[in-house]
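# Coordinate analysis (summary)
Okay, here's what each chain looks like letter by letter:
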Amino acid sequence: MSKVIVVTSGKGGVGKTTTSASFATGLAMKGHKTVVIDFDVGLRNLDLIMGCERRVVYDFVNVINGEATLKQALIKDKTHDKLFILPASQTRDKDAFTKEGVEKVIDELRESFDYIVCDSPAGIEKGAIMALYFADEALVVTNPEVSSVRDSDRILGILAAKSKRAEEGAEPIKEHLIVTRYSPERVESGEMLSIEDINDLLGINLMGVIPESESVLQASNSGIPVIRDSQSSSGQAYDDVVMRFLGEEVPMRFLDAEKKGLFKRIFGA
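Attention here is on the structure that accompanies the text. Note that residues are indexed from 1 along each chain, following the sequence as it is written. Reporting in this predicted model follows two pLDDT cut-offs: at least 70 for local features of residues, and 80 or more for side-chain atom pairs to be given and counted; totals over whole chains, interfaces and linings ignore these cut-offs and use all residues. To obtain the side-chain values, all non-hydrogen atoms of the structure were included, while hydrogens and water were left out.

## Notes on the overall build of the protein
Definition in use: Strands are runs of DSSP state E lasting at least two residues, helices are runs of H or I lasting at least four, and both sets are numbered from the N terminus onward. Here the globule rule is a power law, 2.2 Å times the number of residues to the power 0.38, and the radius of gyration is based on C-alpha atoms. Partly exposed residues are those whose accessible area sits between 20% and 50% of the maximum for their type, while under 20% is buried and over 50% is exposed, using a 1.4 Å probe and protein chains only. Here a residue-residue contact requires only that any non-hydrogen atoms of the pair lie within 4.5 Å. We get accessible surface area from the Shrake-Rupley algorithm with a probe of 1.4 Å; when it comes to residues, only the shown protein chains can shield them. A residue counts as positive if it is Lys or Arg and as negative if it is Asp or Glu; His and the chain ends are not included. Note on charges: their place is set at NZ of Lys, CZ of Arg, CG of Asp or CD of Glu.
From N to C terminus, the protein includes 13 helices and eight strands. At 18 Å, the protein has a C-alpha radius of gyration in line with the 18 Å of a compact globule built from 269 residues. Taken over the C-alpha atoms alone, the protein extends approximately 65 × 40 × 35 Å along its principal axes. In the protein, which comprises 269 residues, the share counted as buried stands at 54%. Sequence separation of at least 24 residues holds for 74% of the intrachain contacts in the protein that already meet a minimum separation of 6. As presented, the protein carries roughly 12600 Å² of accessible surface, and 48% of it is formed by carbon and sulfur atoms. Of the charged side chains in the protein, 33 are positive and 42 negative; the average position of the first set lies 3 Å away from that of the second.

## Examining the nonpolar core
Our working rule: Put simply, a nonpolar core is a bunch of buried Ala, Val, Leu, Ile, Met, Phe, Trp, Tyr and Cys residues held in one set by side-chain atoms that sit within 4.5 Å of each other.
Counting residues in each nonpolar core, the largest one holds 51 residues, and the members touching the most others are Phe39, Phe60, Val102, Leu109, Ile116 and Leu159. Not counting residues within four places of it along the chain, the set of residues in contact with Leu159 comprises Val6, Thr8, Leu132, Ala138, Val140, Ile173 and Glu175. Within the second largest apolar cluster, 32 residues are counted, among which are Phe23, Val56, Ile210 and Tyr238.

## Topic: the packing of helix α1 (residues 16-29) against helix α12 (residues 233-245)
Going by this rule: Angles shown run from 0 to 180 degrees and are taken between the N-to-C directions of axes, each axis being a line fitted to C-alpha atoms and, for helices, limited to the stretch in contact. Any angle that is under 35 degrees is reported as roughly parallel, and any over 145 degrees as roughly antiparallel; angles of 65 to 115 degrees are reported as roughly perpendicular and all others as oblique. By the definition used in this description, the sense in which the near helix is turned from the far one sets the handedness, with an anticlockwise turn below a right angle giving left-handed and a clockwise turn giving right-handed.
Direction vectors running N to C along α1 and α12 enclose 60°, while the axes themselves pass 9 Å from each other. By the criterion of interaxial angle, the relationship of α1 to α12 is oblique. In the packing of α1 onto α12, the handedness of the crossing is right-handed. Residues Thr18, Thr19, Ser22, Phe23, Gly26 and Leu27 of α1 form the contact with α12, whose participating residues are Tyr238, Val241, Val242 and Phe245.

## Thoughts on the pairing of strand β5 (residues 115-119)
To keep it simple, the criterion reads: DSSP-based pairing: two strands are paired if at least 2 bridges between them are found.
Within β5, five of the five residues are buried, which leaves it mostly tucked inside the rest of the structure. Of the strand pairs in this sheet, strand β1 (residues 3-8) and β5 are connected by five bridges, and their pairing is parallel. Residue pairing across strands places Val4 opposite Ile116, the latter belonging to β5. Sheet topology places strand β2 (residues 34-38) next to β5; five bridges connect them, and they run parallel.

## Re the pattern of salt bridges
The cut-off we apply is this: Counted as salt bridges are all cases of a side-chain nitrogen of Lys or Arg within 4 Å of a carboxyl oxygen of Asp or Glu.
Enumeration according to the criterion identifies eleven salt bridges in this entry. The closest approach of N and O atoms between Arg186 and Glu191, which form a salt bridge, is 3.3 Å. Since its relative accessible area comes to 53%, Glu191 is described here as exposed. Overlapping salt bridges, with partners in common, bring together Arg110, Asp136 and Arg165 in one network.

## Overview of the environment of Gln90
By the element assignment, Gln90 lies in the loop between β4 (83-86) and α5 (99-110). For Gln90, the contacting residues outside a window of four places in its chain are Gly42, Leu43 and Arg44.

## Points about the sheet that holds β5
Strand order in the open sheet formed by eight strands is β3-β4-β2-β5-β1-β6-β7-β8, with mixed pairing between adjacent strands. Both outer strands of the open sheet, β3 (75-76) and β8 (205-211), are each paired with one neighbouring strand and no more. Alignment of β2 against β4, held across four bridges, turns out to be parallel. Within β4, the position partnered with Thr34 by the bridge is Leu83.

## A word on the pairing of strand β7 (residues 174-182)
One face of the sheet, then the other: side chains in a regular strand alternate in exactly this way. Pairing between strand β6 (residues 137-142) and β7: six bridges, direction parallel. Across the sheet, Leu139 pairs through a bridge with His176, a residue of β7. Here β7 runs beside β8; their pairing, made up of five bridges, is parallel. Bridge assignment links Val179 to a residue of β8, and that residue is Val209.

## Looking at the packing of helix α7 (residues 146-162) against helix α10 (residues 195-202)
How we decide: Charged residues are taken to be Asp, Glu, Lys and Arg, nonpolar residues to be Ala, Val, Leu, Ile, Met, Phe, Trp, Tyr, Cys and Pro, and polar residues to be all remaining types, Gly included.
Put simply, α7 and α10 touch, their axes get as near as 10 Å, and they point 35° apart. In this structure, the crossing between α7 and α10 has a hand that is right-handed. Across the interface between the two elements, Val149, Ser152, Asp153 and Leu156 from α7 touch Ile198, Leu201 and Leu202 from α10. Taken together, the residues of the contact of α7 with α10 break down into five nonpolar, one polar and one charged.

## Concerning helix α6 (residues 126-133)
What counts is decided by this rule: Pairing of N or O atoms within 3.5 Å defines a polar contact, subject to two protein rules: one partner must be a possible hydrogen donor and the other a possible acceptor, and residues neighboring in sequence count only if both atoms are side-chain atoms.
Burial within α6 is extensive, with seven of its eight residues counted as buried. Measuring from the side-chain oxygen of the N-cap residue of α6 to the backbone nitrogen of Gly127 gives 2.6 Å; that N-cap residue is Glu125.

These figures come from the coordinates and say nothing about function on their own.
Have a look at this one:
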């Protein structure tokens, strides 16, 4: 049975689209047929990070409006034959979404895909509500700072109150926490919240910690999800997230500051 997973947060710029791209890619790499949908109408960044921006002909809104079929709008990933992208429109506004239209597209996708990953825009406006409304599970992305965690707490309230599952009194959306741009050194110096602090504030299952790394920006600029960079700590961390999501027992990494040897302490190398 297929699952709909929303990648969401209250605050912008925390790494939702990076997470959506790597998470969907990771699921496909593990052999699961996966589609990732960009709900950020008007901005549309997912296709850039997935490296398929030049191949966008039709988009999500075209499908909702009956201007194109789903098959016409879906873009097959160049690297993984089980991965597809449904891009957002850059020329419409959020009012282009309707529950009926989104539901029709998701129901059609459920017939062909194991996982449907919804990349939500930031905040609590219509696009974000539409992205989470039909979700079975949620990846809540936050940075280790007070404002980001506070906004994520607000999103948890919306997940509990405004989803289709909530309206129908069904089992709640299963929530998972992903902490991005985490630096143990900055936590030790008091510049960032610790994982324990974040857990105390949000109280949901920790799915993964993505370390602060230049490889994320480099991968995004290259149109390659960072999970494909197996040498980078961020790529490894996203791979761990996918394995945990699929039920494997994987130890949490990248939580502790690197212990510097005598040479590094003297010379700062």
